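Here are the chains, one letter per residue:
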Amino acid sequence: MLDVKLLRTHFEEIRKRLETKGEDISDLDRFPELDQKRRQLLQEVEELKNRRNVVSQEVGRRKRNQEDASQLVEEMRQVNEQIKKLDEALRQCEAELNALLLRLPNIPHPSVPLGDSEEDNQVIRSWGEVPHFSFEPKPHWQLAEELDILDWEAAGRVTGTRFVFSKGLGARLERALINFMLDVHVDEHGYQEMWPPFLVHRHSMIGTGQLPKFEEDAFKVEGEPYYLIPTAEVPVTNYFRDQILDGSQLPITFAAYSACFRSEAGAAGRDTRGLIRLHQFNKVELVRFVKPEESYEQLEILTQQAEKILQLLNLPYRVTAICTGDLGFAAAKKYDLEVWLPAANTYREISSCSNFEDFQARRANIRFRREPKAKPEYVHTLNGSGLAIGRTVAAILENYQEPDGRVRIPEVLQPYLGGRLYLE
RNA sequence: GGAGAAAUACCCAAGUUGGCUGAAGGGGCUCCCCUGCUAAGGGAGUAGGCGGCUCAUGGCCGCGCGAGGGUUCGAAUCCCUCUUUCUCCGCCA
């Protein structure tokens, strides 16, 4: 959510910056009028309420003194009629204003490259050697089927399309990667480990920005007020909703595993094979709550910590700065980590690291005090995948494959897989 | 899932025959006084927060006693709904 006061005072400037996202923001035009109307109604109704408070005291005083107050009571009946009407108008005005504000995206940071689509994202740096194969590298789904570690057909029978069973060493590899990533982030990067609820209520989804605008992307539990989380970002960021944090404790950082559930409403026909785009996948997520003046420095740290996992796994990747048109709803700035997939001969996103500034903090009402008595300020929130497990499995299978169909296990994972050297 | 109890400020806690209680009292904390130091003692302060107005920046006003509604001229106090916590029972990994 954007700062209403900023919107009021820098309207044209904000509109220009939002337009760089290429989204339809025509709603924004209704803001000045609604904002103005709201304040006017508020002033009127508060004046009447003040009158009511003063007169009610007088009624009490008169009754104690056995004096007549019937005229005042009658007057207040009429005032109350007025208050009721104005309150209702105000409530409606605020609801409209709020609905508008909740659908406005975040403002891109000045350092974000301008652009219309992912075509305009900028490669910041690359790491690792793209492997050269003496044979035609197989796609990960084919390798997995031959190794009998992923079963799509069974998942189709049991649940439906875009779900998968991992089994045997495939299941163990998922578990190994979760443990490995959490261990690195907790032991080496200082994150506090967290295992969150996988279902949240609507307010949490609004808090991080998934709702109200992207209802069709979320799985909702029928008959219950719960949504399946699309990422651990949702429960973990909302962990501090409506809290005022102690500024001396910042930055506060969490590393959380969760299963992630996405309906991928608009993705029919894309990446229909393999582990790239599923309705359910595992992910280790990093979340940081920081002071506003530190958040861009913290974004660099966060990104490097996610990169560290790819480096330890020795998977080639590149970092891209997402352009304004591809930034998404809530982020002010975003880096993607893209891992090399040999069979597709391309880089694919395996992590997104974003600074949301105070956009989520306003929605979820997460604040901090610099000093014990200081005025509360909104924190800045950041998060990044550290990493998506399924896509990591895909990358390992494809990058570590051997001519005979076996797949070497990255050295750092070997202890997690009982000392094995190969998936075979 | 069933039955019961509770929710008031940093903590504990009074207040439920509706009106000088936006909230007693205690603890804690901050400042001051006193004592050579410490302890003890005396005094003062301690509702944050959100929003609006005004800007002399210090004020004024509205909301606010778990949350949301309602009754009333007036609600911490009466009514309804919800949430959370605790106890007991049931069920379960």
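Residues numbered from 1 in each chain as written. Chains lettered and ligands numbered in written order. Predicted model: local features only at pLDDT ≥ 70, side-chain atom pairs only at ≥ 80, totals over all residues. Heavy atoms only, no water.

To continue, consider the overall build of chain A. Along its length, chain A carries 12 helices and 18 strands. Within chain A, residue pairs in contact and separated by at least 24 positions form 73% of the contacts whose partners lie at least 6 positions apart. With an accessible surface of roughly 20,800 Å², chain A has 46% of that area assigned to carbon and sulfur atoms. The average position of the 56 basic charges and that of the 68 acidic charges among the side chains of chain A differ by 5 Å. (Helix = DSSP H or I, 4+ residues; strand = E, 2+ residues; numbered from the N terminus. Contact = heavy atoms within 4.5 Å. Areas by Shrake-Rupley, 256 points an atom, 1.4 Å probe, with all protein chains shown as cover. Lys, Arg positive; Asp, Glu negative; His and termini not counted. Charge placed at Lys NZ, Arg CZ, Asp CG, Glu CD.)

Before going further, it helps to examine helix H3 (residues 31–64). In a regular helix each residue adds 1.5 Å, so 34 residues correspond to 50 Å; H3 covers 49 Å between its end C-alpha atoms and thus fits that length. Of the residues making up H3, those classed as buried are Phe31, Leu34, Asp35, Leu41, Val45, Val55 and Val59. Buried positions along H3 lie against helix H1 (4–9), helix H2 (11–19) and helix H4 (70–102). One or two residues past the end of H3 sits Gln66, with phi positive at roughly 60 degrees. (Expected span 1.5 Å × (residues − 1). Buried < 20%, exposed > 50% of the residue type's maximum accessible area, 1.4 Å probe, protein only.)

Once that is clear, we can look at unusual backbone geometry. Note on backbone geometry: most residues besides glycine have negative phi, and most peptide bonds are trans. For the peptide bond that leads from Leu211 to Pro212, omega is 5 degrees, which places it in the cis range. A cis amide bond links Leu250 to the next residue, Pro251, at an omega of -5 degrees. Relative to the elements of secondary structure, Pro251 occurs in the loop between strand S8 (243–246) and strand S9 (252–261). Even without glycine at this site, Gln66 takes up a positive phi of about 60 degrees. Inspection of the secondary structure puts Gln66 in the loop between H3 and H4. Judged by its relative accessible area of 72%, Gln66 falls in the exposed class. Backbone geometry places Asp271, a non-glycine residue, at a positive phi of 50 degrees. On the secondary structure map, Asp271 appears in the loop between S9 and strand S10 (280–290). What makes Asp271 partly exposed here is its relative accessible area of 22%.

For the rest of this paragraph, the subject is the packing of helix H7 (residues 169–188) against helix H12 (residues 389–399). Contact pair H7 / H12: the axes reach a minimum separation of 10 Å and the direction vectors enclose 110 degrees. The angle between the axes of H7 and H12 places the two elements in the roughly perpendicular class. Here H7 runs over H12; the crossing is right-handed. Along the contact surface, H7 presents Leu173, Glu174, Leu177, Ile178 and Met181, while H12 presents Ile389, Gly390, Thr392, Val393 and Ile396. (Axes fitted to C-alpha atoms, helices over the stretch in contact; angles between N-to-C directions. Parallel < 35°, antiparallel > 145°, perpendicular 65-115°, else oblique. Left-handed = near helix turned anticlockwise from the far one by under 90°.)

What follows deals with the protein's contact with RNA strand B. Near RNA strand B lie 25 residues; those nearest to it are Asn50, Ser56, Arg64, Arg77 and Arg367. For RNA strand B, the fraction of atoms within 4 Å of the protein that belong to sugar or phosphate moieties is 77%. At 2.9 Å, a backbone N or O of Ser56 approaches a base nitrogen of RNA strand B. With respect to RNA strand B, the side chain of Arg77 contributes an N or O atom lying 2.7 Å from a phosphate oxygen. (Near = heavy atom within 4 Å. Polar contact = N/O pair within 3.5 Å; in protein donor to acceptor, adjacent residues only side chain to side chain.)

So, about H4. Helix length check: H4 (33 residues) gives 47 Å between terminal C-alpha atoms against 48 Å at 1.5 Å per residue, within 8%. In this structure, the buried residues of H4 make contact with H1, H3, helix H8 (202–208) and helix H11 (359–364).

The strand order across the open sheet built from 8 strands is S1-S11-S12-S13-S16-S10-S9-S4, with neighbouring strands paired in mixed fashion. Pairing within the sheet leaves two strands with one partner each, and these edge strands are strand S1 (122–127) and strand S4 (192–194). Strand-to-strand twist in this sheet, taken as the mean axis angle between neighbours without regard to direction, amounts to 25 degrees. Across the face of the sheet, H7 comes into contact with S4, S9, S10 and strand S16 (380–388) while running at roughly 10 degrees to S10. Where H12 meets the sheet, it contacts S10, strand S12 (333–341), strand S13 (346–355) and S16, and its direction lies at approximately 40 degrees from that of S16. (Pairing = 2+ DSSP bridges.)

Now for the sheet that holds strand S15 (residues 377–378). Across the sheet, 3 strands lie side by side as S8-S14-S15; this open sheet has mixed pairing. The open sheet terminates on both sides in strands that have one partner only, identified here as S8 and S15. Here 2 bridges tie strand S14 (residues 366–369) to S15, and the two strands are oriented antiparallel to one another. Each bridged residue has a counterpart across the sheet, and for Arg367 the counterpart in S15 is Tyr378.

Along the chain, the position of Glu357 falls in the loop between S13 and H11. Comment: no salt bridge for buried Glu357; closest opposite-charge side chain is Arg17, at 6.3 Å. Within the structure, Glu357 has its side chain in polar contact with the side chain of Tyr296 (distance 2.4 Å). Sequence-distant contacts of Glu357, defined by excluding residues within four places in its chain, comprise His109, Tyr296, Ala332, Val379, His380 and Thr381. (Salt bridge = Lys/Arg side-chain N within 4 Å of Asp/Glu carboxyl O.)

Attention shifts here to the confidence of the model for chain A. Summarising the model, chain A shows a mean pLDDT of 92, and 100% of its residues fall at 70 or more. Per-element confidence in chain A is highest for helix H10 (residues 295–312), whose mean pLDDT is 98, and lowest for S8, whose mean pLDDT is 84. Among the scores for the predicted complex, ipTM is 0.81 and pTM is 0.92. (pLDDT = per-residue confidence, 0-100.)

To continue, consider the side chain of Lys333. Among the secondary structure elements, Lys333 is positioned in strand S12. This buried residue, Lys333, is left without a salt bridge; Glu300 holds the nearest opposite charge, at 4.9 Å. Side chain to side chain, Lys333 and Tyr335 meet in a polar contact 3.5 Å long.

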